Amino acid sequence: MEIAIKVEGLSKKYRIGERLPYKTLREELIKFFKGEKKKEDEYIWTLKNVSFEIKKGEVVGIIGSNGAGKTTLLKILSRVTEPTEGYAEVYGRVGSLLEVGIGFHPELTGRENIYLNGAMLGMSKKEIGRKFDEIISFSEMEKFLDTPVKYYSSGMYVRLAFSVAAHLETDILLVDEVLAVGDISFQKKCLGKMGDITKEGRTVLFVSHNMGAIRSLCEKVIWLEKGKIKKIGNSEKITTEYEEIYTQKYGISSIRERDKEEIKGKKFYFKKVEIFDENGNSRVTFKYNEKIVLVVEPEGEIDEKYHIVFRIYDKHGIMLFSGASAELHNKYFEPDVKKIKIEIGPTNLTTGIYRIQLLLRKGKIQSGARDEIDIWENAMNFEITDCRPFETNWELQNPRDGIFVMNNKIYGIER
Amino acid sequence: MEKIIIKPSSKWGKLNLKDIFEFRELLFFLVWKDIKVKYKQTIFGIGWAILQPLFMMIIFTLFFGKLAKIPSDNIPYPVFSYTGLIIWSYFSNSLLFATESIVKHQNVITKIYFPKILLPLSSIISHLLDFIISFFVLILFLLFYKINPSINLIYFPLFLLIAVITAFSVSLYLSALNVYYRDVRYIMNFLIQVWFFLSPIAYSSSIVPERYRFLYGLNPMVGVIEGFRWCLLGKEITSIKMMYFSIFIILILFIGGIYFFKNMEKSFADVI
């Protein structure tokens, strides 16, 4: 079969701190006059000597923990950033969805933003015009087309943005975790659309933490770890292995602190998280219908207000629900707030192990530019035991009996 | 099928002008966006394009023309200064806007690929609309003062092009530097002010002593403004040598700027 992407010895080196806010001329001048030289240990390799081949029509998932180099790989392949060493050959037109809604301007209307965003993704004016009706009917936003997007809720915003992206017709599609946004039903629709895309015979590279999505969409998986390929091959086999190692490495403990490796080069980040029950006792196992309390401690320097998001995943990597201080509660924290309490529940999850992911963001949500400062992929695990809400005391287990408990009654009404 | 090779680029790589052509529709949309966004939520809207230079002209006429009696080479001072002011407004406004253009689009730069040079370029182009509108007012002035344009008028598009290239060239350096050092932002106001006084806007270049004219011509805006007054108002060119020198400087700035930008552009996504 024909080759779509060929990668040979690809490496990318970053200066530590280079991705942090700009330097000032003053710092540079001081450095210059002091004669400070750049030392080798000031660099980190986010990608080191990565080689692989992807055939035309293959759908390949890229997995790995945070900082493994997944996004860097996509950025190099989409030519956003240059590799330091190595090369890649890409055959065909490339579309990259590293984020949805790139270039959306809050003052412009939905209609105007569809055109602008489409052009940025590389669609021609004719192409956008041709697909315009399809895009708006997919987004289900006909009514708000002429409203400036600054009046949109974040859900509407994502809906419109994804609809444009979903209609991008390129030979190769590079997708970064863009599905982790929006409401569940729309996510499903997007996954469906993604499935359609993959059936059309296009080559897709898909980065995700959602093992469920990876398994259902991809036949092949590349597992990256610390910038190198750890494994490459059958998606079912590798994702299972990945999950096993994941749960071993991150066993259950009620206090978690961040690895030095993970916060390297970050100015403001999550340092620590603790989990309690509602009476303040440290606990990692909870019964059905109990409350869960998290105390999160960010650390470092930040020059503006920040907000946080938490997400809960099941062991298949499917996001069950999320909470957000800004989007849901309009809460932005002052830079000196260094301890935050999150109360969740009472839970209605079935018996099983769940994972909490934490995100640190800055910027006003209305502007659409929500800058991710830090993601803590495996902030905490907790277990739900003893989920027996019904009178028979039957234990509802994840995944056998589903994920959530919902009250129900069943009775005969006619004989 | 299209084949793209991705590898570390050499220091003085190819200019890749083909790329700019391929992304011409994006350039169109960027210009369109700049214009749309600029006047949303303003009361006067596009009227600001006229009001700004008009008010400046009134103040200049009062203080420099009437009180200080600055010579304007036998051209009514209001028209004389307004001609300089509209081209200066275009230059300074588009330059300020273009300098911020890359930093303003950092969210885009770190997420998709396109020739970054389109960002300052679109800022420079979109401001032409303001210029054209204020230019119509100039035509009214010419009618009012009964100044008949000469055959030189055919050179007007050429001088306008030179003005565009000047603003674009300077913005190539400043917008790229602004990515690395946000000090540029603070230097801008100062730079624009100094540059204003070093350009023949409120005064005529004929007041510059003969022996300094060569030095004076180092300022590319001298050539631009002189050229405008020459082809629109029929003002005599103070020194043809100074003028050619000015245009020569612009060309050097332009070519240097393109290479400078090209060289800086590849690490924008990493440092921004």
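Here the residue numbering is sequential within each chain, running from 1 through the sequence in written order. Key to labels: chains lettered from A, ligands numbered from 1, both in the order written. Where totals are concerned, whole chains, interfaces and linings use all residues; where local detail is concerned, this predicted model gives features only for residues with pLDDT of at least 70, and gives and counts side-chain atom pairs only at 80 or more.

1. Looking at the overall build of chain B
When helices and strands are counted, chain B shows 13 helices and 1 strand. Counting from the N terminus, the helices are DSSP H or I runs at least four residues long and the strands are E runs at least two residues long. For chain B, the succession of helices and strands along the chain, N to C, is β-α-α-α-α-α-α-α-α-α-α-α-α-α. What you see for chain B is a C-alpha radius of gyration of 20 Å, in line with the 19 Å of a compact globule of 272 residues. Each principal axis of the C-alpha distribution contributes one length, and for chain B these read about 65 × 45 × 35 Å. The exposure label follows from counting other C-beta atoms within 10 Å of a residue's C-beta, where the C-beta atoms are placed from the backbone and the thresholds are 20 or more for buried and 12 or fewer for exposed, leaving partly exposed in between. Put simply, chain B has 272 residues, and 41% of those count as buried. Throughout, a pair of residues is in contact if the C-beta atoms placed from their backbones lie within 7 Å. Considering only intrachain contacts with a sequence separation of at least 6, the fraction spanning at least 24 residues in chain B is 83%. A radius of gyration in this sense is built from C-alpha atoms; the matching globule rule multiplies 2.2 Å by the number of residues raised to 0.38.

2. Considering the overall build of chain A
Counting its secondary structure elements, chain A contains 10 helices and 18 strands. Taken over 415 residues, chain A has a buried fraction of 38%. In chain A, the share of contacts with a sequence separation of at least 24, taken over all contacts with a separation of at least 6, comes to 73%.

3. Considerations on the sheet that holds strand S17 (residues 352–362) of chain A
Two modes of strand pairing occur in sheets, parallel and antiparallel, and in both the strands are linked by backbone hydrogen bonds. Residues and elements named next belong to chain A. One open sheet accounts for 5 strands, arranged S12-S18-S17-S14-S15; its pairing is mixed. Two strands bound the open sheet, and with one partner strand each, they are strand S12 (285–287) and strand S15 (319–324). Taking the axes of each pair of neighbouring strands and ignoring which way they run, one obtains an average angle of 30 degrees across the sheet. Where S17 and strand S18 (residues 371–385) come together, 10 bridges link them in antiparallel fashion. What sits directly across from Leu359, in S18, is Ile375. At least two DSSP bridges between two strands are needed for those strands to be called paired. To get an axis, fit a line to the C-alpha atoms, keeping to the stretch in contact for a helix; angles then go from 0 to 180 degrees between the N-to-C directions.

4. Quick word on the nonpolar core
Judged by nonpolar contacts, the single largest core of 128 residues is most densely connected at Phe206 of chain A together with Ala163 of chain B. Top contributing element to this core by residue count: helix H4 (residues 77–104) of chain B, with 13 residues. Core analysis: the next-biggest nonpolar cluster, separate from the first, contains 29 residues, Val273, Ile312, Met319 and Ile375 of chain A among them. Structurally, a nonpolar core is described as a collection of buried Ala, Val, Leu, Ile, Met, Phe, Trp, Tyr and Cys residues joined by way of C-beta atoms within 7 Å.

5. Thoughts on the sheet that holds strand S13 (residues 292–300) of chain A
Residues and elements named next belong to chain A. Reading across from one edge, S10-S11-S13-S16 is the order of the 4 strands in this open sheet, with antiparallel pairing throughout. The open sheet has two free edges, formed respectively by strand S10 (255–257) and strand S16 (340–344), since each of these has just one partner strand. Averaged over all adjacent pairs, the angle separating strand axes in this sheet is 20 degrees, with direction ignored. Judged from the 5 bridges that link them, S13 and S16 form a sheet pairing that is antiparallel. The partner of Val295 across the bridge, within S16, is Lys341.

6. Points about the environment of Asn16 of chain B
Looking at the element boundaries, Asn16 of chain B is found in the loop between strand S1 (3–6) and helix H1 (17–22). When the C-alpha positions of Asn16 of chain B and Pro115 of chain B are compared, they lie 9.0 Å apart, and in sequence the two are 99 residues distant.

7. Brief notes about helix H3 (residues 48–67) of chain B
Residues lying three or four places apart along an α-helix face the same way, a consequence of the helix completing one turn every 3.6 residues. All names here are of chain B. By this rule the span expected of a helix is its residue count minus one, scaled by 1.5 Å. For H3, with 20 residues, the first-to-last C-alpha span of 27 Å sits near the 28 Å given by 1.5 Å per residue. Along H3, the sharpest kink reaches roughly 35 degrees, centred on Thr61. All buried positions along H3 are accounted for by Ala49, Pro53, Met57, Phe60, Thr61 and Gly65. Turning to H3, the residues buried within the fold contact H4 and helix H7 (128–144). Looking one or two residues beyond H3, the residue adopting positive phi is Lys69, at roughly 50 degrees. A residue's bend is simply the angle between two axes: one fitted to the seven residues ending at it, one to the seven starting at it.

8. Re the interface of chain B and chain A
For interface size, the figure often reported is the accessible area lost on association. The interface of chain B with chain A comprises 30 residues on the first partner and 41 residues on the second. Mapped onto the side of chain B that touches chain A, the elements with two or more residues apiece are S1, helix H2 (24–38), helix H5 (106–109) and helix H13 (268–271) of chain B. Per-element tally for the side of chain B that touches chain A: the top contributor is H2 of chain B, with 6 residues.

9. A closer look at unusual backbone geometry
For the bond from Gly345 of chain A to Pro346 of chain A, the omega torsion is 5 degrees, close enough to zero to count as cis. Mapped onto the elements, Pro346 of chain A comes out in the loop between S16 and S17. Of note, Lys69 of chain B is a non-glycine position whose phi angle comes to about 50 degrees, a positive value. When you line up the elements, Lys69 of chain B lands in the loop between H3 and H4.

10. Topic: the pairing of strand S8 (residues 220–225) of chain A
Consecutive residues of a regular strand have side chains that alternate between opposite faces of the sheet. Residue and element names in this part refer to chain A. Both strand S3 (residues 59–63) and S8 contribute to a ladder of 4 bridges, which runs parallel. Note that in S8 the partner of Gly61 across the bridge is Val221. Both S8 and strand S9 (residues 228–234) contribute to a ladder of 6 bridges, which runs antiparallel. When the sheet's bridge partners are listed, Trp223 is paired in S9 with Lys231.

11. Overview of the packing of H4 of chain B against H7 of chain B
Relative placement of two packed helices is described by the angle separating their axes and the distance separating the axes. Residue and element names in this part refer to chain B. Close contact between H4 and H7 brings their axes to 10 Å; oriented N to C, the two are set at 175 degrees. By the angle class used here, H4 and H7 are roughly antiparallel. In contact with Pro78, Val79, Tyr82, Thr83, Ile86, Ser89, Tyr90 and Asn93 of H4, H7 contributes Asp130, Phe131, Ser134, Phe135, Leu138, Phe141 and Leu142. Each residue belonging to the contact of H4 with H7 can be placed in one class, and the counts come to 10 nonpolar, 4 polar and 1 charged. Convention used here: angles under 35 degrees read as roughly parallel, angles over 145 as roughly antiparallel, angles from 65 to 115 as roughly perpendicular, and any remaining angle as oblique. Note on residue classes: Ala, Val, Leu, Ile, Met, Phe, Trp, Tyr, Cys and Pro are nonpolar, Asp, Glu, Lys and Arg are charged, and everything else, Gly too, is polar.

12. A few points about the environment of Leu138 of chain B
Locating Leu138 of chain B in the fold gives a position in helix H7. Remark: the alpha-carbon pair of Leu138 of chain B and Val194 of chain B, spanning 56 residues in sequence, is separated by 25 Å.

13. What to know about the environment of His316 of chain A
All names here are of chain A. With respect to the helices and strands, the residue His316 is situated in the loop between strand S14 (306–314) and S15. Through-space distance from the C-alpha of His316 to that of Gly212 is 5.5 Å; in sequence the pair is 104 residues apart. What His316 contacts, discounting residues up to four positions off in sequence, is Met211 and Gly212.

14. Observations regarding the packing of helix H4 (residues 125–139) of chain A against helix H5 (residues 154–166) of chain A
Residues and elements named next belong to chain A. Their axes nearest at 9 Å, the elements H4 and H5 cross at an angle of 140 degrees. Comparing the axis directions of H4 and H5 gives the class oblique. In this structure, the crossing between H4 and H5 has a hand that is right-handed. Together, Ile135, Phe138 and Ser139 of H4 and Arg159, Leu160, Ser163, Val164 and Ala166 of H5 make up the contact between the two elements. Of the residues assigned to the contact of H4 with H5, the class counts are 5 nonpolar, 2 polar and 1 charged. Put simply, a crossing is left-handed when the front helix is turned counterclockwise from the back one by less than a right angle, and right-handed when it is turned clockwise.

15. Describing H4 of chain B
When the terminal C-alpha atoms of H4 of chain B are compared, their 39 Å separation across 28 residues agrees well with the 40 Å that a helix rising 1.5 Å per residue should span. Burial analysis of H4 of chain B places 20 of its 28 residues in the buried class, the great majority of the element.

16. Observations concerning the confidence of the model for chain B
Residue and element names in this part refer to chain B. In predicted models, pLDDT denotes the confidence assigned by the predictor to each residue on a 0 to 100 scale. Summing up the model confidence of chain B, the mean pLDDT is 89 and the portion of residues at 70 or higher is 98%. By mean pLDDT, H1 is the weakest element of chain B at 83, and helix H6 (residues 118–126) is the strongest at 96. With pTM at 0.74, the complex prediction returns an ipTM value of 0.86.

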